Amino acid sequence: NISIDTHKKYPYEDIASVYLLYAKVLIKSNKLAEAENMEKKAIALAHEYQQIPIEVDAYITYAEIENKKGNYQPAIDTIKKAMKHAEMVGVTSKKIDCNRLMADNYLAINNTTEALKCLKIANELLTEQADINMERLSHEQKIMLDIEQKEMEAKLKQEQIHAQRNIMILLALVVVVLLVL
């Protein structure tokens, strides 16, 4: 097993992410049974090492496997676990992913009402995230303008100091010339 070999060669607590990534590769290859085993290990290890963000990803990926297998209700149950963990760490992007995947599963079982609720929540979260990103961008832009202004002020101050130094040198020369005369 590649994951175990990697962990034995380079032991570290983040082995759960190796299983998670390996499972994603297996899903792309449509090897769902193997992917499911990898995800179970990823969930267990992420839980053991208290890596909640990885645990969220592992639950989402496990729900994707359940969805691909046509097990929509277990997928929904797994997504609810992922959302609970996403709430604990406040990862908005994962809450969006969960709601979108939940909507897909509800649509698969013809529950359009719940699917629309999930999509509405995902849309609200996206809007909220966009607003936050816009506030951050505005704040960063203001900081950049402040830095540019401070740089301009520093350059002006340097020019003033240079001009004052030249005047002092000129005055010193005048004094020396006057003293010589």
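In what follows, the structure referred to is the one given above.
What this report covers is the structure whose coordinates are included nearby.

With that out of the way, let us pick up unusual backbone geometry. Unusually for a residue other than glycine, Asn30 sits at a positive phi of about 60°. For Asn30, the location among the structural elements is in the loop between helix H2 (15–28) and helix H3 (32–48). The phi angle at Gln50 is positive, at roughly 55°, despite the residue not being glycine. Considering the arrangement of structural elements, one finds Gln50 in the loop between H3 and helix H4 (52–68). According to the relative accessible area criterion, Gln50 is exposed, its value standing at 69%.

A word on H4. The end-to-end C-alpha distance of H4 is 24 Å, a good match for the 24 Å that 17 residues give at a rise of 1.5 Å each. Immediately beyond the C-terminal end of H4, within one or two residues, lies Gly70, with a positive phi of roughly 85°.

Time to look at the nonpolar core. Here is a general trend for soluble globular proteins: nonpolar side chains tend to be buried in one another's company. Membership of the largest hydrophobic core comes to 36 residues, with the highest contact counts inside it found for Tyr19, Ala35, Ile60, Ile79, Cys98, Met102 and Tyr106. Broken down by secondary-structure element, the contributors of at least two residues to this core are H2, H3, H4, helix H5 (72–89), helix H6 (92–108) and helix H7 (112–180).

Moving on to the packing of H4 against H5. Between H4 and H5, whose axes approach to 8 Å, the crossing angle comes to 165°. Judged by the angle between their axes, H4 and H5 are roughly antiparallel. Judged by the twist between their axes, the crossing of H4 over H5 is left-handed. Here Ile52, Pro53, Glu55, Val56, Tyr59, Ile60, Tyr62, Ala63, Glu66 and Asn67 of H4 come into contact with H5, specifically with Tyr72, Pro74, Ala75, Thr78, Ile79, Lys81, Ala82, His85, Ala86, Met88 and Val89. Along the lines of polarity and charge, the residues of the contact of H4 with H5 split into 15 nonpolar, 3 polar and 3 charged.

Look at H5: 26 Å from first C-alpha to last across 18 residues, which is about the 26 Å you get at 1.5 Å a residue. Considered for burial, the residues of H5 that qualify are Ala75, Ile76, Thr78, Ile79, Ala82, Met83, His85 and Ala86. The secondary structure elements touched by the buried residues of H5 are H4 and H6. The positive-phi residue at the C-terminal boundary of H5 is Gly90, with phi of around 65°.

Definitions and limits used
- Residues numbered from 1 in each chain as written.
- Predicted model: local features only at pLDDT ≥ 70, side-chain atom pairs only at ≥ 80, totals over all residues.
- Heavy atoms only, no water.
- Helix = DSSP H or I, 4+ residues; strand = E, 2+ residues; numbered from the N terminus.
- Buried < 20%, exposed > 50% of the residue type's maximum accessible area, 1.4 Å probe, protein only.
- Expected span 1.5 Å × (residues − 1).
- Core = buried A, V, L, I, M, F, W, Y, C linked by side-chain atoms within 4.5 Å.
- Axes fitted to C-alpha atoms, helices over the stretch in contact; angles between N-to-C directions.
- Parallel < 35°, antiparallel > 145°, perpendicular 65-115°, else oblique.
- Left-handed = near helix turned anticlockwise from the far one by under 90°.
- Contact = heavy atoms within 4.5 Å.
- Nonpolar A, V, L, I, M, F, W, Y, C, P; charged D, E, K, R; others polar.

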